[in-house]
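Chain and residue survey
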Protein chains: 2
Amino acid sequence: MLKTLAQRYFADLETQMRAVVALAPAAPEFDVLLKYPLGWVDQGGHPYDHPTGKRIRPLVLLLCCEAAGGNWRDALPAAAAVELLHNFTLLHDDIQDDSPLRHGRPTVWKIWGRANAINAGDALFTLSYCALHQLEQTTPTATVLAIWRVFNQTMLDLTRGQHLDMRFEHQPSVTVDEYISMIGGKTAALLAACAQIGALVGSDDAARSQHFADFGMNLGIAFQIHDDILGIWGDPKVTGKSAATDILAKKKSLPVLYGLERNQALNEVYRRPRFRKIDVELAITLLEESGAREYAVQLENDYYHRALQSLESAQLQGEPGHQLRSLAAWLFQRAY
Amino acid sequence: MLKTLAQRYFADLETQMRAVVALAPAAPEFDVLLKYPLGWVDQGGHPYDHPTGKRIRPLVLLLCCEAAGGNWRDALPAAAAVELLHNFTLLHDDIQDDSPLRHGRPTVWKIWGRANAINAGDALFTLSYCALHQLEQTTPTATVLAIWRVFNQTMLDLTRGQHLDMRFEHQPSVTVDEYISMIGGKTAALLAACAQIGALVGSDDAARSQHFADFGMNLGIAFQIHDDILGIWGDPKVTGKSAATDILAKKKSLPVLYGLERNQALNEVYRRPRFRKIDVELAITLLEESGAREYAVQLENDYYHRALQSLESAQLQGEPGHQLRSLAAWLFQRAY
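Below is a summary of the structure that appears in this document. (Residues numbered from 1 in each chain as written. Chains lettered and ligands numbered in written order. Predicted model: local features only at pLDDT ≥ 70, side-chain atom pairs only at ≥ 80, totals over all residues.)

The next thing to look at is the overall build of chain A. A tally of helices and strands in chain A yields 16 helices and two strands. Against the globule reference of 20 Å for 336 residues, chain A gives a C-alpha radius of gyration of 21 Å, in line with a compact fold. Its C-alpha atoms put chain A at 60 × 50 × 35 Å along the principal axes. Out of the 336 residues belonging to chain A, those deemed buried represent 51%. Partitioning the intrachain contacts of chain A with sequence separation of at least 6 by distance along the chain shows that 70% fall at a separation of at least 24. (Helix = DSSP H or I, 4+ residues; strand = E, 2+ residues; numbered from the N terminus. Rg over C-alpha atoms; globule rule 2.2 N^0.38 Å. Buried ≥ 20, exposed ≤ 12 C-beta atoms within 10 Å, placed from the backbone. Contact = placed C-beta atoms within 7 Å.)

Structure representation (structure tokens):
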């Protein structure tokens, strides 16, 4: 599924992104800090060419453009913009989380220091706006302004989500509702924007584009809950991570928050300063007893079906419409 | 001079900025981190109302709009945008420089930590784009897109300048030309954008707006050189700083770079690990001997006169045209 779409889009997407990054003014090593996180150069500035990440956001954007009846090539500037924006958020995230690795390589701040990494992020952020501006070459001006507004609002929601996420770390208790609101900003808002912006380029019908936005938002939340389940009950052979990573890291993911709201014994376990293997096993047992797993699976299902309902209202067109439904199903069916 | 203009513009500018910041989505304490650096609240979120800084950039923008024949109220969204952008750059600057104080108050990172400060900066940056977007209410769409392009390009130049500035700290030698290129990005690019964007709202004449941009760029460089001179030879009673601050901090400002290029003894002094009072005095003597002061004053004059020449080409209109010339003269005549 992904492969068909990747073959259709990715060469042109990569060309578009490279043309945008080439707009950055010349200064020694400046371009290296911008190209490195995109996987185009190594830290010495030599060609590397292993584009980072799955480019899932531009893919959704381009497919939604087609499914709304448009020509995906018209949406390439916006697709480049969301991928650059996503990479900018990862760059600043890695500083905020003190993460030393990303896509198996040292993070920008780890190599060049925090001050340079902040600046490289700011430059990538600006380049995402440069990319979006190029929509003027393919799209009516009024639509470009409408899309720019969506882009701004999305970025505000991302910073709100990030703010909440950092706040939750120090907050004694977090409700499930607060958590859903946080991932709505941090994870789902950008996917919602991708679907909506694709649809706006494809058909410039504001009401219809809102159905696409709802699709992206609900799918994004379902996707994050799915990840939360995998972080506890995922099969290490499938996820590629060690078992119950999120429990060991005491991550306040959805099942954990649900369990903490209902199970006193689980609260006591979580107050222990550090987790041993036996604590992890106990925590998982208590989580299962509290019904956290069923709850999370049910909630994921709910959001996924809301996403599908939004697609029904969006009047998808032709083969790309089928592909969009298949993509949603594929994203949802990743094995537990 | 400033007072007349401030009385004309500042109440409406403040209203415009507050309306934009109110677009930030609700989350506990999120708005406090955005309003604090603007001087609207204290760190507890209570009203404070001492707007930070002189708002010199929006003032130049609004006056250039009028001097180009426009109505300054039409340019208010852009004026709010450049002031928000400026404050965003200060916020990230303070993290990058480890500065504990700004406008006499603890910096955002000092109060809320680096991770939150990075995010607050990202949100302010986004809000500057939200402000700019509101130009669609006052300005023809094609002009809005032209202004958005200038804004993007300016922000790229700011990140280039910041990149060079951080790089110079570790670079064994920096030439005067490299330095001028750095301050062109870090200091002057935003002033150039203010003048150009004001002119574009005021008359939408691309060629003429370029003269305004040249005015802002040259004035910005002259302004920075002036500051560099004050940092060494400024009268503490006038500058409010202690004498020769920049020498004590071993700051590689323009006169110092000029002196280091020409005076061997000065190079030896600058290799000493720390400066005592006697080293500062010796450095100043050597700087004067090398002709660094005359050179800097001459270069400042050159850029200032280029700025005035650009104004001549810009066909200024009416009373605001006179006021813009007076403002330039006033900025230049700050006492040494």
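So, on to the relation of the copies chain B and chain A. The two copies are related by a screw motion: chain B maps onto chain A through a turn of 180 degrees and a shift of 0.0 Å along the axis, at an RMSD of 0.0 Å. Taken together, the rotation angle and the small translation identify this as a two-fold axis. Rotation axis and chain B: the residue whose C-alpha lies nearest the axis is threonine 141 of chain B, separated from it by 3.5 Å. (Least-squares fit on C-alpha atoms with pLDDT ≥ 70 in both.)

The subject of this paragraph is the packing of helix H6 (residues 114–133) of chain A against helix H7 (residues 141–168) of chain B. Direction vectors running N to C along H6 of chain A and H7 of chain B enclose 160 degrees, while the axes themselves pass 9 Å from each other. By the angle class used here, H6 of chain A and H7 of chain B are roughly antiparallel. As for how H6 of chain A packs across H7 of chain B, the hand of that crossing is left-handed. The residues of H7 of chain B that touch H6 of chain A, namely those facing Ala115, Asn116, Asn119, Asp122, Ala123, Thr126, Tyr129, Cys130 and His133 of chain A, are Trp148, Arg149, Asn152, Met155, Leu156, Thr159, Gln162, His163 and Met166 of chain B. (Axes fitted to C-alpha atoms, helices over the stretch in contact; angles between N-to-C directions. Parallel < 35°, antiparallel > 145°, perpendicular 65-115°, else oblique. Left-handed = near helix turned anticlockwise from the far one by under 90°.)

The next thing to look at is the interface of chain B and chain A. Interfaces are frequently sized by the accessible area removed from exposure as the parts join. Chain B puts 38 residues into the contact, and the matching count from chain A is 38 residues. Residue assignment for the side of chain B that touches chain A shows that the elements contributing at least two residues are helix H4 (76–97), helix H6 (114–133) and H7 of chain B. Tallied by class, the residues present in the side of chain B that touches chain A amount to 21 nonpolar, 11 polar and six charged. (Nonpolar A, V, L, I, M, F, W, Y, C, P; charged D, E, K, R; others polar.)

Turning next to the nonpolar core. Note that soluble globular proteins tend to have their nonpolar side chains buried in a common cluster. Counting residues in each nonpolar core, the largest one holds 217 residues, and the members touching the most others are Leu61, Cys64 and Ala78 of chain A together with Leu61, Cys64 and Ala78 of chain B. What leucine 61 of chain B contacts, discounting residues up to four positions off in sequence, is Ala75, Ala78, Ala79, Val82, Cys194, Ile197 and Gly198 of chain B. (Core = buried A, V, L, I, M, F, W, Y, C linked by C-beta atoms within 7 Å.)

Note that every value here comes from positions in space, so none of it alone points to a role or purpose.
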